[in-house]
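# Coordinates in review
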Amino acid sequence: MPLESKYEITEREAHWREFWAKQNIYAFDETSDKPIFSVDTPPPYVSADHLHPGHIMSYSQAEFVVRFKRMQGYNVFYPMGFDDNGLPTERHVEKKYKIKNKDSISRSEFVKLCLEETQKGIQTYRNLWSLLGISVDWSKTYSSINTHSQKISQWSFLDLYRKGLLTQREDPIMWDISFQSALAQTDLEDSEQDSHLNDIVFTSQESGEQLIIATTRPELLPAAVALFFHPEDSRYQHLIGTKAITPISGHTVPILTDETVDKDFGTGLMMVCTWGDSEDIAKWKKYNLETRLIFNQKGILNELAGNYAGGHIIKLRQLILEDLKKQNLLVKQTPITHTVQVSERSGTPIEFILTKQWFINVVEHKEELLEQGKKLHWYPKRMFSIYADWVSSLKWDWCISRQRYYGVPIPVWYHKQTGEIIIPQEDELPVDPTEYTPRGYKAEDLIPEQDVLDTWMTSSMSPEIGAGLVSNPELTAKLFPSSLRPQAFEIIRTWLFYTVTKAYFHHNTLPFSDVMISGHGLDNQGRKISKRLGNFTPPEQTIANYGADAMRYWATGTTLGENIRFNEEEIKKGKKTVNKLFNAGKFAEMHLQNFTLPDQAPELELIDKWILAELNQTITLATESFEQYEYYKARTAIDQLFWNKFTDYYLELIKYRLYDETPEGQNSRLAAQYTLYVYIKSLLKLYAPILPFITEELYQGLFLENNTQNTSIHTSNWPQSNTAWQLSEEENNLMTDILAVVEAVRAYKSQNSISLGKEIESFTYTSTQDLSPYENFLAKALRVGKLMK
RNA sequence: GCGCGUAUAGCUCAGUUGGUUAGAGCGCAUCCUUGACGUGGAUGAGGUCAAUGGUUCGAAUCCAUUUAUGCGCACCA
């Protein structure tokens, strides 16, 4: 199939997209006995309304390696998942349909809306990934809310429950009062906020002495349950065993000592409440303190808040401060900036309330989970420290129940009479307890669990969910653990940690052997690309302007794990590379018209051997680099080979041979054609993982006529390095001087404003070696009448 | 506060285990319409490798301290 005269990017990319889809070349071969390379593809949140260059970057970077592996002869399993349940989708639907209060809509109605939005989101992603040429097997897709995923997610729950790793406890739990749901440690975010440190007066019940404490949360005064000071603080020894009267609410609290109290903070007296932070909870547990929870799940104050009952916790601080002032009990206010933990999704500062929730016991397994993380192959290595930091700082067990609508139901019932916890049989999964009665029970005897599972409960099973997409169980077993998990560093503490945890608890294994961690996209000023800032060009637009290959080329622009700035110049460079490749292809086509590859290589000239030696080196380097997930290194090596070795030198230096139609020039011409053929074919393959479209175009156009076996460059074999293609040291030295002569002639012409194509009479070069056998070649190639030493 | 990164040409970034004159692309200057390509080509200018000190025959690279900046964790009564 001859090449067009011009490469129409948009049209040709669309053509190849269709071709690949029709030929199904990215499909996992269930019957093959080739080694498997399986990818645990990140399932993106489908509620993302706009995809940005950051998404392009991370998915492309992983995909370069996947394409490489496919060409290396692996049977690639590359599924795609979509994370569609959980808060983000609910929020999205609430916003879009202006649902302020969930009571105004039934659970099933609401879930239906979520599913509809999910489908739209999936379509958006799918369109963009196709546009970009992401080579996933679209017949292997899942969404985290579909039956398949629910089944595995609920199985995970059952398995952990049976292993005793899962418990239901009534515990203080981090709570989002605006979304009214429990949160896990990872759902939190730090937020710098301006506030005041308030010095407030308590009164000693015994002596009437004023006891001043400092707090940033005066609204929790009605929830105060104790005062503490350091056991060695001489100022307060006389208070041991006495009580203090709380201002405003008037209740009394014990005065106790604890080593963790900082003598130098404020007055050295500390108020403990139900519960301002994790320290409060720790002391509450340690000293078995009273529980004075003053608000409910919506943040509404109860009778313990006295006169304030019925109000909202968020407004209480202001009211209490005013009342304290009136009573002269607020002695000082110091403005401070401090870090407040807020819910990542709502931005609301977290509160603690007491509820019954399901927890996975991770804290007591910290050490083992750290060990598991150590066993993974991290690319780049340093990313392990983020994992290690996180695991060793774990304070809370993983709360997996959420008081939401759109999620995988917790597969549990409670027996009305006995209170017994009832779980279904595995073959009953997936179940919605609110609509299903487990075998052997009567609906009227059971209370169904209403809560759903944390969305990470499902996505942490992604390797198993992916592996389960094939038709037979034996194959599923081969697909787990996965070969590769590509992901961004922001979700090491969530997705990665939870997946490692699950694989360890369920199968006592790692979920995958390699982890490839990408950085994130930055705008051209170095700010993180985000939906909120809107600081990005939609990828669809960039692709329309420059092509998918150019966009992908940009994604190679930095080493793995580094952030990358969106830079239109880099994309232009990608487009130029595509253009240059096309033109080189056209040149090759012109000169390979009647050429067929002979069984035996013709006798090559030094320059032919040189470019093949360069090719050989690059094959070795690119292969090693891709193996190490160093696509950047591979790309620059290939760029060098193409631009700096081939187009700058080789191509220009052999033109005269290709145009030579005289009988005595035929051997030389054949050698050049042979070299050109071998070189271009390998070069295209080297570029194929990064630039799948243009390489397919040229591969099909130049090499596929007589080759019916490989339908696509992307299923062809990765080029092998060839030991025959090596220069001896002597040849190497000769080439160095030959290229120096080339440069000298070019410099001479350039400095004298002579066109390179114009023949000059003579040129005198210097070399310590005997270049006389090559003078003729150089003279012809460089258009010099006579070349002299 | 602890930990992990980053700092190299005007801009965006490479630089493997320390080894001649530190690289690329873009931008800039001068020139060339050569038969794949003007979305091109040739030549060239441009760097105290954040700072200081040290190890070494030799340091962008190793060590120490410092500065700037990003991230993770902790603190945050």
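Report on the accompanying structure. From a predicted model like this one, the values you see are computed outputs, not experimental measurements.

Attention shifts here to the overall build of chain A. Each helix and strand counted, chain A has 22 helices and 27 strands in total. In terms of overall dimensions, chain A has a C-alpha envelope of 115 × 65 × 45 Å along the principal axes. In chain A, once contacts between residues fewer than 6 apart in sequence are set aside, the share between residues at least 24 apart is 76%.

Pairing is parallel across the open sheet formed by 3 strands, whose spatial order is S15-S23-S22. Both outer strands of the open sheet, strand S15 (377-379) and strand S22 (482-488), are each paired with one neighbouring strand and no more. Looking at each pair of strands side by side, their axes are set apart by 20° on average, direction ignored. Bridging between S15 and strand S23 (residues 512-518) involves 3 bridges; their strand directions are parallel. Each residue of the ladder has a partner; that of tyrosine 379, found in S23, is methionine 516.

Moving on to the nonpolar core. Among the nonpolar cores identified, the biggest contains 123 residues, and Trp129 and Phe646 are the most heavily contacted of them. Counting residues in each nonpolar core, the second largest holds 54 residues, with Leu183, Ala226, Phe229 and Val261 among its members.

It is worth spelling out the packing of helix H9 (residues 384-392) against helix H13 (residues 492-507) at this point. Contact pair H9 / H13: the axes reach a minimum separation of 10 Å and the direction vectors enclose 80°. The orientation of H9 with respect to H13, classified from their angle, is roughly perpendicular. Contact residues: H9 offers Ile386, Tyr387, Trp390 and Val391, while H13 offers Ile492, Arg493, Phe497 and Val500. Looking at the contact of H9 with H13 residue by residue, the class counts come to 7 nonpolar, no polar and 1 charged.

Right, let's talk about the protein's contact with RNA strand B for a bit. Near RNA strand B, the surroundings consist of 56 residues, among which Ala214, Thr215, Arg493, Lys576 and Tyr659 are the closest. Within 4 Å of the protein, the contacting atoms of RNA strand B are drawn from sugar and phosphate to the extent of 70%. Within the backbone of threonine 215, an N or O atom sits 2.9 Å from a sugar or linking oxygen of RNA strand B. Residue assignment for the surface near RNA strand B shows that the elements contributing at least two residues are strand S8 (210-215), strand S12 (270-273), strand S13 (330-343), H9, helix H16 (568-591), helix H18 (631-658) and helix H21 (729-751). No other element matches H16, which puts 11 residues into the surface near RNA strand B. A class-by-class count of the residues in the surface near RNA strand B yields 16 nonpolar, 20 polar and 20 charged.

Moving on: the sheet that holds strand S6 (residues 181-182). Sheet strands line up and pair through hydrogen bonds in the backbone, either parallel or antiparallel. The antiparallel open sheet is built from 4 strands, whose spatial order is S6-S5-S14-S16. In this open sheet, the two edge strands, each paired with only one partner strand, are S6 and strand S16 (398-399). Taken together, the 2 bridges between strand S5 (residues 166-176) and S6 define a ladder with antiparallel strand orientation. Counterpart to tryptophan 175 in the pairing with S6 is alanine 182.

The two faces of the sheet receive side chains in turn, since in a regular strand these alternate between them. Counted residue by residue, S22 has 6 buried out of 7 residues, so it is predominantly covered. Inspection of the sheet shows S22 paired to S23 by 6 bridges, in the parallel sense. Across the sheet, the residue bridging to serine 482 is phenylalanine 512, located in S23. Traced from S22 through H13 to S23, the parallel crossover comes out right-handed.

Looking now at the packing of aromatic side chains. One pass over the structure, following the stated rule, counts 40 aromatic pairs. Aromatic pair phenylalanine 68 and tryptophan 718: ring centres 4.9 Å apart, planes at 90°, arrangement edge-to-face. Of this pair, phenylalanine 68 sits in helix H2 (residues 53-71) while tryptophan 718 sits in the loop between helix H20 (692-703) and H21, placing them 650 residues apart in sequence. Using a relative accessible area of 4% as the deciding quantity, one classes tryptophan 718 as buried. An aromatic cluster of at least three residues, connected via ring pairs, comprises Trp378, Phe384, Tyr387, Trp398, Phe497 and Tyr498. Looking at arginine 485, its charged tip hangs above the ring of tryptophan 495, at a distance of 3.1 Å from the centre.

Procedures and definitions
Residues numbered from 1 in each chain as written. Chains lettered and ligands numbered in written order. Predicted model: local features only at pLDDT ≥ 70, side-chain atom pairs only at ≥ 80, totals over all residues. Heavy atoms only, no water. Helix = DSSP H or I, 4+ residues; strand = E, 2+ residues; numbered from the N terminus. Contact = heavy atoms within 4.5 Å. Pairing = 2+ DSSP bridges. Axes fitted to C-alpha atoms, helices over the stretch in contact; angles between N-to-C directions. Core = buried A, V, L, I, M, F, W, Y, C linked by side-chain atoms within 4.5 Å. Buried < 20%, exposed > 50% of the residue type's maximum accessible area, 1.4 Å probe, protein only. Parallel < 35°, antiparallel > 145°, perpendicular 65-115°, else oblique. Nonpolar A, V, L, I, M, F, W, Y, C, P; charged D, E, K, R; others polar. Near = heavy atom within 4 Å. Polar contact = N/O pair within 3.5 Å; in protein donor to acceptor, adjacent residues only side chain to side chain. Right-handed = clockwise from strand over helix to strand, strands pointing away. Phe/Tyr/Trp six-rings, centres within 6.5 Å; stacked < 30°, edge-to-face > 60°. Lys NZ or Arg CZ within 6 Å of the ring centre and 35° of its normal.

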